[in-house]
Amino acid sequence: AQSVAQPEDQVNVAEGNPLTVKCTYSVSGNPYLFWYVQYPNRGLQFLLKYITGDNLVKGSYGFEAEFNKSQTSFHLKKPSALVSDSALYFCAVREGTYNNDMRFGAGTRLTVKP
Amino acid sequence: GAGVSQSPRYKVAKRGQDVALRCDPISGHVSLFWYQQALGQGPEFLTYFQNEAQLDKSGLPSDRFFAERPEGSVSTLKIQRTQQEDSAVYLCASSHRPGQGEVRGGETQYFGPGTRLLVL
């Protein structure tokens, strides 16, 4: 079965600095990878996904992620962090075509300080 | 509406009470998912509907959990005889049917705000 690991519970960066939120995955077939963000008392908001094609995926709010098959990673990045990016970030994976079970990581809390 | 809506947003139940949580998916979305998110954890899959058919209920933790989507739109997650360990946020998500050229399984799921259930 597929699984996702987010090795950092917390990431702190200064406003204007680049940020990286790490995600590694484990699947036996082709991975479909997603990043979501969760603000307090709100549901998950979709940021970006990798299905196939170009390994570098660009998404909402200036975020991007790079699919690295050899390292089984899908790290989320942004060149210049904003205070408003502070939130809880979840990586998720679905395996193959007919698997309905999307597995989420435990989440990484990003804090951007002014 | 423009997005997925869920009601109630908060529910406090006494142990042993039955509860019903409602999800209104995005109009036209054929797929609907329920997830359970415990405090400090990521969401965990409960069940999946395609239109009115419940195609996967492998994530339901016990037979006290029951979900339905009788007309292929609104869905209800029912929990019977609630226990304290049922306390969590219950998230609903919906997605459209894969379009031409899209990969099945790669559709984006759009989430509602969740229902926070507290069982005392």
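Above this note sits the structure.
Residues numbered from 1 in each chain as written. Chains lettered and ligands numbered in written order. Predicted model: local features only at pLDDT ≥ 70, side-chain atom pairs only at ≥ 80, totals over all residues. Heavy atoms only, no water.

### Focus: the state of the cysteines
Following the criterion strictly, the structure yields 2 disulfides over all chains and no others. Between A:Cys23 and A:Cys91 runs a disulfide, and the two sulfur atoms are separated by 2.0 Å. One quick way to see it: the torsion about the S-S bond of A:Cys23 and A:Cys91 is about -65 degrees, and its sign makes the bridge left-handed. Of this pair, A:Cys23 sits in the loop between strand E3 (19-21) and strand E4 (24-26) while A:Cys91 sits in strand E10 (residues 87-95), placing them 68 residues apart in sequence. Like A:Cys23, the residue A:Cys91 is buried in the burial classification. With a sulfur-sulfur separation of 1.8 Å, B:Cys23 is cross-linked through a disulfide to B:Cys92. Since a negative S-S torsion denotes a left-handed disulfide, the B:Cys23-B:Cys92 link at about -65 degrees is left-handed. Placement of B:Cys23 in strand E3 (residues 19-24) and of B:Cys92 in strand E9 (residues 88-95) is noted, with a sequence separation of 69 residues between them. Here B:Cys23 matches B:Cys92 in class, with each residue buried. (Disulfide = S-S within 2.5 Å. Helix = DSSP H or I, 4+ residues; strand = E, 2+ residues; numbered from the N terminus. Buried < 20%, exposed > 50% of the residue type's maximum accessible area, 1.4 Å probe, protein only.)

### A closer look at the sheet that holds E3(B)
Residues and elements named next belong to chain B. Spatially, 4 strands are ordered E1-E3-E8-E7 in an open sheet, and the strand pairing comes out antiparallel. Single-partner strands in this sheet number two, and they are strand E1 (5-7) and strand E7 (65-68). Strand after strand, the sheet turns through a mean of 15 degrees between neighbouring axes, direction not considered. Note that E3 and strand E8 (residues 75-79) share 5 bridges and pair antiparallel. (Pairing = 2+ DSSP bridges. Axes fitted to C-alpha atoms, helices over the stretch in contact; angles between N-to-C directions.)

### Quick word on the pairing of E3(B)
Residues and elements named next belong to chain B. Here E3 shows a clear split, with Val19, Leu21 and Cys23 buried on one side and none of Ala20, Arg22 and Asp24 buried on the other. The pairing of E1 with E3 spans 3 bridges and is classified as antiparallel. When the bridges of E3 are listed, Ser7 appears paired with Arg22.

### What to know about the pattern of salt bridges
If you walk through the whole model with that rule in mind, you get 5 salt bridges over all chains. Its salt-bridge partner being A:Lys58, residue A:Glu64 comes within 2.8 Å of it at the nearest N-O pair. Where B:Arg64 meets B:Asp86, a salt bridge forms, and the shortest distance between an N and an O atom there is 2.8 Å. Placement of the pair is B:Arg64 in the loop between strand E6 (53-56) and E7 and B:Asp86 in the loop between E8 and E9, with a sequence separation of 22 residues. The two residues B:Arg64 and B:Asp86 agree in class, both being buried. (Salt bridge = Lys/Arg side-chain N within 4 Å of Asp/Glu carboxyl O.)

### Considerations on the nonpolar core
Residues A:Trp35, A:Leu47, A:Leu48, A:Phe74, A:Leu76 and A:Tyr89 are the most contacted members of the largest nonpolar core, which totals 27 residues. Elements that contribute at least two residues to this core include exactly strand E2 (10-14), E3, strand E5 (31-38), strand E6 (44-50), strand E8 (64-68), strand E9 (73-78), E10 and strand E12 (108-113) of chain A. If you tally residues by element for this core, the top one is E10(A), at 4 residues. Counting 20 residues, the second largest nonpolar core, distinct from the first, contains B:Ala13, B:Trp34, B:Leu46 and B:Cys92. (Core = buried A, V, L, I, M, F, W, Y, C linked by side-chain atoms within 4.5 Å.)

Honestly, it's all geometry; don't read function into it.
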